Amino acid sequence: MTSFQHGTPPPAPSHVPGPAVLGARGLTKSYDATRALTDLSLNVHAGESVAVMGPSGGGKTTLLHCLAGIITPDTGQVLLQLDGGTTDIARLDDRERSALRRSTFGFVFQQGLLIPELTALENVAVALMLLGVDRSSAEHSAAQWLAALGLAGMEDRRVGQLSGGQAQRVAIARAQVSGASVIFADEPTGALDSGTSAEVMDILLRSTTGTGKTLVVVTHDDDVARRCARTVRLRDGRIVSDSLSPAAGAVA
Ligand SMILES: Nc1ncnc2c1ncn2[C@@H]1O[C@H](COP(=O)(O)OP(=O)(O)OP(=O)(O)O)[C@@H](O)[C@H]1O
């Protein structure tokens, strides 16, 4: 469990980034005849929030999936630098990438991909149980995370009994309960109204970069991007701009 407490403001945005935790080097990825990424290089620094934007089909999700080891690029490296070591994720086999995703990365998607038959508590706890943690310890940690994200009292609700924003909080808790240090989010607020979207981004930022973790968010939403410290724009599989956000880290 992290020291994150709901209501604790994130640290002031720093324009001096930490060391690169992820480094994409010359990534190229095609799907049959479709080129999705072309010679793309990018450093993501520890503690940074990076919004990945750009037109539909520009390669955002493909980049996110390469950085997170969900897919492998055709050429190039994805260097993960953690705990003093460097790993090229693109060279790991399926089993190694899967283990890395479970231990080091967390994922939040547009629809939280929660299991409808399970309660909020069970949906979070299952991430730990998949790592071999016993049920009682896993549920204890899950309850702490739900409380930290403002969901105390909702542990026993099933997904269908939660609002969209509450369900995304459960997804945010599940993404981090295993101690992930890099969180990837693909349109995490895409299904929410603007007020709920702001709340969910607030929670997402406070619980990730607010405690020194790293956040990479694919989004079409300018409000989401404005809350991130940095915005990278892709078009036709290449980076066309990379800028710090003036209001980086702002919370509602
Ligand atoms: N599994 C796949 N099979 C075939 N083509 C794909 C596949 N995934 C992506 N593509 C193609 O690769 C290109 C980049 O897609 P990608 O999903 O990365 O873009 P995106 O910027 O995330 O788009 P969107 O904003 O619409 O989600 C597109 O032309 C897309 O059609």
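Above this text is the structure in question.
This one's a predicted model, so the numbers in the text were calculated from it and none came from an experiment.

A word on the overall build of the protein
Counting secondary structure elements, the protein contains 7 helices and 10 strands. By principal-axis analysis of the C-alpha atoms, the protein measures approximately 50 × 40 × 35 Å. The 252 residues of the protein split such that 43% are buried. In the protein, once contacts between residues fewer than 6 apart in sequence are set aside, the share between residues at least 24 apart is 69%.

Focus: the site of the ligand
Taken together, Tyr31, Thr34, Ala36, Gly54, Ser56, Gly57, Gly58, Gly59, Lys60, Thr61 and Thr62 make up the full set of residues near the ligand. When contributions to the shell around the ligand are tallied by element, the ones reaching two or more residues are β2 (34-45) and α1 (60-67). Sort the elements by how many residues they give to the shell around the ligand and α1 lands first, with 3 residues. Along the lines of polarity and charge, the residues of the shell around the ligand split into 2 nonpolar, 8 polar and 1 charged.

A word on the packing of helix α3 (residues 120-129) against helix α5 (residues 164-176)
Viewed as axis vectors pointing N to C, α3 and α5 meet at an angle of 25 degrees, and their least axial separation amounts to 8 Å. Viewed along their axes, α3 and α5 adopt a mutual orientation that is roughly parallel. Taken as a pair, α3 and α5 cross one another with a handedness that is right-handed. Taking contact as the criterion, the partners of Ala120, Asn123, Val124 and Ala127 in α3 are, on α5, Val170, Ala173 and Arg174. Across the contact of α3 with α5, the residue classes tally to 5 nonpolar, 1 polar and 1 charged.

The rules we used
- Residues numbered from 1 in each chain as written.
- Predicted model: local features only at pLDDT ≥ 70, side-chain atom pairs only at ≥ 80, totals over all residues.
- Helix = DSSP H or I, 4+ residues; strand = E, 2+ residues; numbered from the N terminus.
- Buried ≥ 20, exposed ≤ 12 C-beta atoms within 10 Å, placed from the backbone.
- Contact = placed C-beta atoms within 7 Å.
- Near = placed C-beta within 6 Å.
- Nonpolar A, V, L, I, M, F, W, Y, C, P; charged D, E, K, R; others polar.
- Axes fitted to C-alpha atoms, helices over the stretch in contact; angles between N-to-C directions.
- Parallel < 35°, antiparallel > 145°, perpendicular 65-115°, else oblique.
- Left-handed = near helix turned anticlockwise from the far one by under 90°.

Functional significance is not addressed by these values, which are geometric in nature.
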